[in-house]
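What follows is the residue order along each chain.
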Amino acid sequence: MKELIVNADDFGLSSGANRGIIKAWQEGILTSTSLMVGGLAFEEAVALAKENPGLQVGLHLTLVQGRSALERGGLPPLADADGNFGNDPVMAGMRYFFLKPLRKKIYREIEAQITRFLDTGLPLSHVDGHLNIHMHPVVFDILCELMPKYGIQSFRLSRENLSANLAVDRQRVLGKCADAFIFASLAKRCRPMLDRLGLGYAGEVKGLLNSGRMTEDYLLSALDSLDEGLSEIYFHPGCRPCPELDRWMPTYRHDDELVALTSRKVMEKMARLGITLRNYRGEVKSYA
C-alpha cells in the first residue's frame, strides 16, 4: 500500500504563500502545511487554518532566513538587532555547530517558536524546518528534548532517493549529489533517536532535491518511484505578485507548484497507482 503526505512549507511567510497553500488544500492534493511563526503573514495564516480545520498544520522551524520569536540580546547574537536571522544557511549552520554559547539561545528560540504555535490554539501535528534546519545536529538534539515535552509525535526525516530523482530531472547533478549525501548522513544519525522516542516519520521525503521546481511534469514522473508504505512530498506553492516571495525565493516556481498540486492529471495518475492521500494524523483525504 502506498500512502502519501503532501505538505506545503512556508505557511505564514506572506499573503502570496498563504493564498497558494489554501487553494492547494481546497482544490488539490495538499494534506498538510508547516507554519512559520515569525512570518509577516503569521496571523493571517492562523485565521485561514481555523477556517479550514481539516488542513493539518505543523511547525516550520526557522533559524535562518527569517525572524526570531525571542527578544534579542547578549553575545554572540542569534539574530541581529532587528530580530532577523542570517541569510546564509551554510554560515548559520557553522555558527550553530561551533559556537557553543549559542546553544542555550537556540534552545530558548526553538521552545519559543513551539509555544507561539501552541498559543494559537491550533493542534501541532509535526515539525520540519526552513531549509531543513531541523536536521542540523545541534537543532535536532534540542528538538529531541522538546518534542516529547510538548507532545509532538511526527518529524520530517529529510532524505531523498538520488537515483530516482536523477531519472526524472538531470539538472544540478553535483549539487543534488552533495545534498543527497549530506541529508542521508544526517538521517542516519537522527533515525535511531526518533525510533527511541516513538516519533513518526515518512519512509522517504521528496522535494529536497528539486526544491522550488516541483512542477506538474516532474510530479507526474516522480509518482512512479514512490515506495510502498508512507512517503512525503513537500512543495512551496504561492500566488504572485508577492514581494516577499520574490525577496526570499526569486527563482522558485511557486505558481507552477500550485498548478501541480491542483492538477487533474496528477489526481488521475494517483488514482491509477492506488496512492492514498493522508496526513500525519492518518486522516485520509479524497482527491479534490
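See the structure above.
Remember, predicted model here, so these are calculated numbers, not experimental data. (Residues numbered from 1 in each chain as written. Predicted model: local features only at pLDDT ≥ 70, side-chain atom pairs only at ≥ 80, totals over all residues. Heavy atoms only, no water.)

(A) Summary view of the environment of Ile-5. Position of Ile-5 among the secondary structure elements: in strand β1 (residues 2–11). For Ile-5 and Ala-202, which are 197 residues apart along the polypeptide, the C-alpha to C-alpha distance reads 8.3 Å. (Helix = DSSP H or I, 4+ residues; strand = E, 2+ residues; numbered from the N terminus.)

(B) Fine view of the pairing of β1. In terms of burial, β1 is a largely internal element, nine of the ten residues being buried. With seven bridges connecting them, β1 and strand β6 (residues 229–235) associate as parallel partners. In the sheet register, Leu-4 faces β6, and the bridge partner there is Ser-231. Where β1 meets strand β7 (residues 275–278), three bridges bridge the pair, whose relative direction is parallel. Across the sheet, residue Glu-3 finds its bridge partner in β7, namely Thr-276. Strand direction decides the pairing type here: β1 and strand β2 (residues 32–35), joined by three bridges, are parallel. The residue bridging Phe-11 from the neighbouring strand is Leu-35, located in β2. (Buried < 20%, exposed > 50% of the residue type's maximum accessible area, 1.4 Å probe, protein only. Pairing = 2+ DSSP bridges.)

(C) Just the pairing of β2, in detail. With burial as the criterion, each face of β2 is covered, one bearing Ser-32 and Ser-34 and the other bearing Thr-33 and Leu-35. Each parallel crossover has a hand, and the one from β1 via helix α1 (residues 15–27) to β2 is right-handed. Where β2 meets strand β3 (residues 56–61), four bridges bridge the pair, whose relative direction is parallel. Its bridge partner being in β3, Thr-33 is matched across the sheet by Val-57. Taken together, β2, helix α2 (residues 42–51) and β3 constitute a β-α-β crossover, and its handedness is right-handed. (Right-handed = clockwise from strand over helix to strand, strands pointing away.)

(D) Region of interest: α2. Those residues of α2 that sit buried are Phe-42, Ala-45, Val-46, Leu-48 and Ala-49. Taken end-on, α2 shows its buried residues confined to a sector of 165°, consistent with a single buried face. Set apart from the buried face of α2 by more than 90 degrees, the exposed residues are Glu-43 and Glu-51. Of the surrounding elements, those touching the buried residues of α2 are β1, α1, β2, β3 and α4 (103–119). (Arc of directions from axis to C-beta. Contact = heavy atoms within 4.5 Å.)

(E) Main features of α4. A rise of 1.5 Å per residue sets the reference length of α4, with its 17 residues, at 24 Å; its end C-alpha atoms lie 24 Å apart and thus fit the reference within 8%. Lys-105, Ile-106, Glu-109, Ile-110, Glu-111, Ala-112, Gln-113, Ile-114 and Phe-117 are the residues of α4 that are buried. Gly-121 occupies a position one or two residues after α4 and carries a positive phi of about 90°. (Expected span 1.5 Å × (residues − 1).)

(F) Main features of the packing of helix α5 (residues 137–149) against helix α7 (residues 173–197). Their axes nearest at 11 Å, the elements α5 and α7 cross at an angle of 10°. Between α5 and α7, the interaxial angle falls into the category roughly parallel. Every residue of α7 that contacts α5 at Pro-137, Phe-140, Asp-141, Cys-144, Met-147 and Pro-148 is listed here: Leu-186, Arg-189, Cys-190, Met-193, Leu-194 and Leu-197. Residues of the contact of α5 with α7, tallied by class, amount to ten nonpolar, no polar and two charged. (Axes fitted to C-alpha atoms, helices over the stretch in contact; angles between N-to-C directions. Parallel < 35°, antiparallel > 145°, perpendicular 65-115°, else oblique. Nonpolar A, V, L, I, M, F, W, Y, C, P; charged D, E, K, R; others polar.)

(G) Representation of the side chain of Thr-276 within the structure. Following the sequence through the fold, Thr-276 ends up in strand β7. What Thr-276 contacts, discounting residues up to four positions off in sequence, is Met-1, Lys-2, Glu-3, Leu-4 and Val-284.

(H) Up close: the packing of aromatic side chains. Tallied over the full model, the rule gives two aromatic pairs. Seen in terms of ring centroids, Phe-97 and Phe-98 are 5.0 Å apart; in terms of plane orientation they differ by 80°. Their pairing is edge-to-face. Since its relative accessible area comes to 56%, Phe-98 is described here as exposed. Geometrically, the ring pair formed by Phe-140 and Phe-155 is edge-to-face, given 5.4 Å between the ring centres and 70° between the ring planes. Here Phe-155 lies in the loop between α5 and α6 (162–168) and Phe-140 lies in helix α5, a separation of 15 residues in the sequence. Classification of Phe-140 as buried rests on a relative accessible area of 1%. The ring centre of Tyr-234 lies 4.1 Å from the NZ or CZ of Arg-156, which sits over that ring. (Phe/Tyr/Trp six-rings, centres within 6.5 Å; stacked < 30°, edge-to-face > 60°. Lys NZ or Arg CZ within 6 Å of the ring centre and 35° of its normal.)

(I) How the structure looks around the side chain of Asp-128. Its location among the elements puts Asp-128 in strand β4 (residues 127–129). Here the side chain of Asp-128 touches Arg-156 through a polar contact of 3.2 Å, side chain to side chain. For Asp-128, the contacting residues outside a window of four places in its chain are Asn-7, Asp-9, Ser-34, Leu-59, His-60, Leu-61, His-134 and Arg-156. (Polar contact = N/O pair within 3.5 Å; in protein donor to acceptor, adjacent residues only side chain to side chain.)

Purely spatial values, then, with no claim about function.
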